[in-house]
Structures are given as C-alpha cells and as structure tokens.
Amino acid sequence: MNLTPAQQQLAHLSLETVMGASGRDPEFPEQVNNLAAQIWSEFIDEEISDLLTEEQLLRLGELLEDEDATEEDFSEFLNESVSGFDEMYQEKILDSKAITIEGRIKQLRTLADGEVDKLHLLDECEELIEDGEWLQVQDILATEFAEY
C-alpha cells in the first residue's frame, strides 16, 4: 500500500506514548490486543464477508473454528479471496488509530478543563491532525499530557 505522508506518520505513532499514564498501565498491551481483535472482527463481519462467495464464507468459518489456524492462515486465505485485502485492512487499522487519538484529545479536554495553556495545546493538536502531522501530536501529548 502506498501510504500518504500523513498515513506513514500515523502508522509510526505509538498509542502507548500518546495515552500517557494509562499507556504505562501493565494491562495496556492486553487492552490494545483486545482492541485489535475487535477491529479485526468488525472488519471481517462488516466489510469482508460481503466480498466473499458462499464457498469462501464456508472456508472462513472453518478457519475460525480451527484452533490451530494461525494469523498467517487467515492472511493467506483473505489475500487470495479478496483483491486488495492488505490495503483495506491497513486502512482500517489507521482509521481506528486516528479515532483513538481523537478520542484521547477529547478525554484530555475534560481532564484539563480550566487549564487554558493545556486547552490551547489540544487546539494545536487538532490543527496538526488536520494537517496530517500525527508525530507532532504524539510529541505534544507525550510531553505535555504524560501524567493525565
């Protein structure tokens, strides 16, 4: 997939860093894994299943029931069955990551209520997002909101 510069930045952005204190929680990696599983499930249910034939849906069902099936098995099957699957999935991941960051900014607005300097920084973050400057957003959130 040919990523735009903004998508490249978003791909390299660390959710752990952006999430501040909650990103340092020992349970954070498990929460990220749960989010990834949810994204995968919704992606398959809402976007991919409509692109599969009945025979392919049966094969997908078999893979889902197979306890020994690996991520590679799914990836191979879906890449063979759906043209552009990898690109579609990468786009879904990036969209979900963007939504997570935007949600973090909304959360920080609530936490920083009344702190004018912090609210201005969050305004700046929103402007940087519009410009596709995700790594600058990460830097601001990591340095100015690390304890939130």
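As a reminder, the structure under discussion sits directly above these lines.
Residue positions are given per chain, counted from 1 along the sequence in the order it is written. The predicted origin of the model limits local features to residues at a pLDDT of at least 70 and limits the giving and counting of side-chain atom pairs to 80 or more, whereas totals for whole chains, interfaces and linings rest on all residues. Side-chain descriptors were evaluated using all non-hydrogen atoms of the structure, hydrogens and water having been removed beforehand.

Asks: Can you help me understand the pattern of salt bridges in this one?
Replies: Any carboxyl oxygen of Asp or Glu within 4 Å of a side-chain nitrogen of Lys or Arg constitutes a salt bridge here. This structure, assessed with the given rule, holds six salt bridges. Two residues, K92 and E47, come together in a salt bridge whose shortest N-O distance is 3.2 Å. Taken as a pair, K92 in helix α6 (residues 85-111) and E47 in helix α3 (residues 28-48) lie far apart in primary sequence, 45 residues in all. Its relative accessible area of 17% is what places K92 among the buried residues. Between R59 and E62 there is a salt bridge; the shortest N-O distance is 3.6 Å. Of this pair, R59 and E62 both sit in helix α4 (residues 54-65), three residues apart, which is roughly one turn of the helix. Among the residues examined, E62 registers a relative accessible area of 48% and is labelled partly exposed. Through salt bridges with shared partners, one network takes in R109, D123 and E126. We count a stretch as a helix when DSSP gives it H or I for four or more residues in a row; a strand needs E for two or more, and each element gets its number in order from the N terminus. Relative accessibility under 20% of the residue-type maximum defines a buried residue, over 50% an exposed one, and the middle range a partly exposed one, all with a 1.4 Å probe and only protein chains included.

Asks: It is not clear to me how the side chain of Q138 should be interpreted in this structure. Could you clarify?
Replies: Of note, Q138 is situated in helix α8 (residues 134-144). By relative accessible area, Q138 is classed as buried at 13%. At 2.6 Å, the side chain of Q138 and the backbone nitrogen of S14 are in polar contact. Counted as a polar contact is a pair of N or O atoms within 3.5 Å, where, for protein atoms, one must be capable of donating a hydrogen and the other of accepting one, and residues adjacent in sequence contribute only when both atoms are in side chains.

Asks: Explain the side chain of Q9 here, please?
Replies: Relative to the assigned elements, Q9 resides in helix α1 (residues 5-12). With a relative accessible area of 17%, Q9 lands in the buried category. Contacts are residue-level and defined by heavy atoms, with any inter-residue pair within 4.5 Å sufficient. The contact partners of Q9, leaving out residues within four places of it in the chain, are G132, E133, W134 and L135.

Asks: Explain helix α5 (residues 71-81) to me, please; I cannot follow it from the model alone.
Replies: An α-helix turns once per 3.6 residues; consequently, residues spaced three or four apart project the same way. For α5, the set of buried residues is F74, F77, L78 and S81. Seen end-on, α5 carries its buried residues on one side only, within an arc spanning 95°. Along α5, exposed side chains directed more than 90 degrees from the buried face belong to E72 and E80. Where the residues of α5 are buried, they touch α3, α4 and α6. Our arc is simply the arc of the directions from the helix axis toward the C-beta atoms.

Asks: Is there a simple way to explain the nonpolar core in this structure?
Replies: Nonpolar cores were defined as sets of buried Ala, Val, Leu, Ile, Met, Phe, Trp, Tyr and Cys residues, with membership established by side-chain atoms within 4.5 Å. Ranked by internal contacts, the top residues of the largest apolar core, which has 22 residues, are I101, I105, W134, V137, L141 and F145. The set of elements that each furnish at least two residues to this core consists of α2 (15-18), α6, α7 (116-130) and α8. Ranked by size, the runner-up nonpolar core spans 13 residues in total, among them I48, L60, A69 and V82.

Asks: Help me understand the environment of W40 in this model?
Replies: Within the element layout of this structure, W40 appears in helix α3. Along the chain, W40 and T4 lie 36 residues apart, while their C-alpha atoms are 23 Å from each other. The contacts of W40, once residues within four sequence positions are left out, are F74, L78, F85 and Y89.

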